[in-house]
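A structural walkthrough
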Amino acid sequence: LLRARGHALRALARYPAALADYRRAISLYEKLGERDEAAKSRIGLVDALMYLGRYEPARVEAEKARAHFEAVGDHARRARVETNLGNLYHRRDEHAAALAWYDRARAEFVKQADSGAQALVDYNRGNALGMLGRTDEARAAFLAARAVYAAERLPARVAQVDYGLA
């Protein structure tokens, strides 16, 4: 319940309270030997830290979660953490580093045929590529994301991509 409440608080932009719940959940899971659940909780903690501008602690927590998911062979969650790492670098205006993380994540989502996750990463890649002045590649990434969102009838996401394209 602590992790769920952390998610709710994060969605309400109550990041300090979310941090407390995520940290408490992680501590309890670790005491119980539930390393997988602790790593899942770290994903939310990373986002909350990122939104507070605490990028280095967020990176450290992301790396812990990434290492766990790699060790247990959970490639989907590892790729989601890699997307978060890309977001961290993107927020720090380190767009080449962000793109490298996004590309790693996208390769895994392609292997898994997870079009929704691919679309999210393609949107992020479009932003990073645009910031790097690689506009043709950015456009292709945005259009790939847009096609998925249009097929899934997600008009808000389509509009978000259209804004990126503009």
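The structure this text deals with has already been given above.
Residues numbered from 1 in each chain as written. Predicted model: local features only at pLDDT ≥ 70, side-chain atom pairs only at ≥ 80, totals over all residues. Heavy atoms only, no water.

1. Some points on the pattern of salt bridges
- All told, the structure shown has 22 salt bridges when counted by the stated rule.
- With a closest N to O distance of 3.6 Å, Asp-36 and Lys-40 form a salt bridge. Of this pair, Asp-36 and Lys-40 both sit in helix H3 (residues 35–51), separated by four residues, roughly a single helical turn.
- Residues Asp-122 and Arg-125 are paired through a salt bridge, measuring 3.5 Å at the closest nitrogen-oxygen approach. Taken together, the positions of Asp-122 and Arg-125, both in helix H7 (residues 115–131) and three residues apart, correspond to about one turn of that helix. Summarising the burial analysis for this pair, Asp-122 and Arg-125 share the class buried. (Salt bridge = Lys/Arg side-chain N within 4 Å of Asp/Glu carboxyl O. Helix = DSSP H or I, 4+ residues; strand = E, 2+ residues; numbered from the N terminus. Buried < 20%, exposed > 50% of the residue type's maximum accessible area, 1.4 Å probe, protein only.)

2. Details of the layout of surface pockets
- Quantified by volume, the largest pocket comes out at close to 370 Å³.
- Thr-83, Asn-84, Asn-87, Leu-120 and Asn-124 are, among the 17 residues lining the largest pocket, the residues nearest its centre.
- At the level of secondary structure, the elements contributing two or more residues to the lining of the largest pocket comprise H3, helix H5 (75–91), helix H6 (95–111) and H7.
- A total of six residues in the lining of the largest pocket trace back to one element, the largest contributor, which is H5.
- Counted by class, the lining of the largest pocket contains eight nonpolar, six polar and three charged residues. (1 Å grid on protein atoms, 1.4 Å probe; cavity = no way out; pocket = protein on both sides within 12 Å on 5 of 7 lines; lining within 4 Å. Points joined across faces, edges and corners; volume = space filled by probe spheres on them. Nonpolar A, V, L, I, M, F, W, Y, C, P; charged D, E, K, R; others polar.)

3. Considerations on the packing of aromatic side chains
- In the structure shown here, the tally under the stated rule is two aromatic pairs.
- Its end group placed over the ring of Trp-101, Arg-104 keeps NZ or CZ at 4.3 Å from the ring centre. (Phe/Tyr/Trp six-rings, centres within 6.5 Å; stacked < 30°, edge-to-face > 60°. Lys NZ or Arg CZ within 6 Å of the ring centre and 35° of its normal.)

4. Describing the side chain of Arg-78
- Looking at where Arg-78 falls in the secondary structure, it is placed in helix H5.
- Residues in contact with Arg-78, not counting those within four places in the same chain, are Arg-66, Phe-69, Glu-70 and Glu-108. (Contact = heavy atoms within 4.5 Å.)

5. Comments concerning the packing of helix H1 (residues 2–11) against helix H2 (residues 15–31)
- Where H1 meets H2, the axes come as close as 8 Å, and the angle between the chain directions of the two elements is 160°. With respect to each other, H1 and H2 are oriented roughly antiparallel. In the packing of H1 onto H2, the handedness of the crossing is left-handed. On the side of H1, the interface is formed by Leu-2, Arg-3, Arg-5, Gly-6, His-7, Leu-9 and Arg-10, while H2 contributes Tyr-15, Ala-17, Ala-18, Asp-21, Tyr-22, Arg-24, Ala-25, Leu-28 and Tyr-29.
- Of the residues contributing to the contact of H1 with H2, the split by class is nine nonpolar, two polar and five charged. (Axes fitted to C-alpha atoms, helices over the stretch in contact; angles between N-to-C directions. Parallel < 35°, antiparallel > 145°, perpendicular 65-115°, else oblique. Left-handed = near helix turned anticlockwise from the far one by under 90°.)

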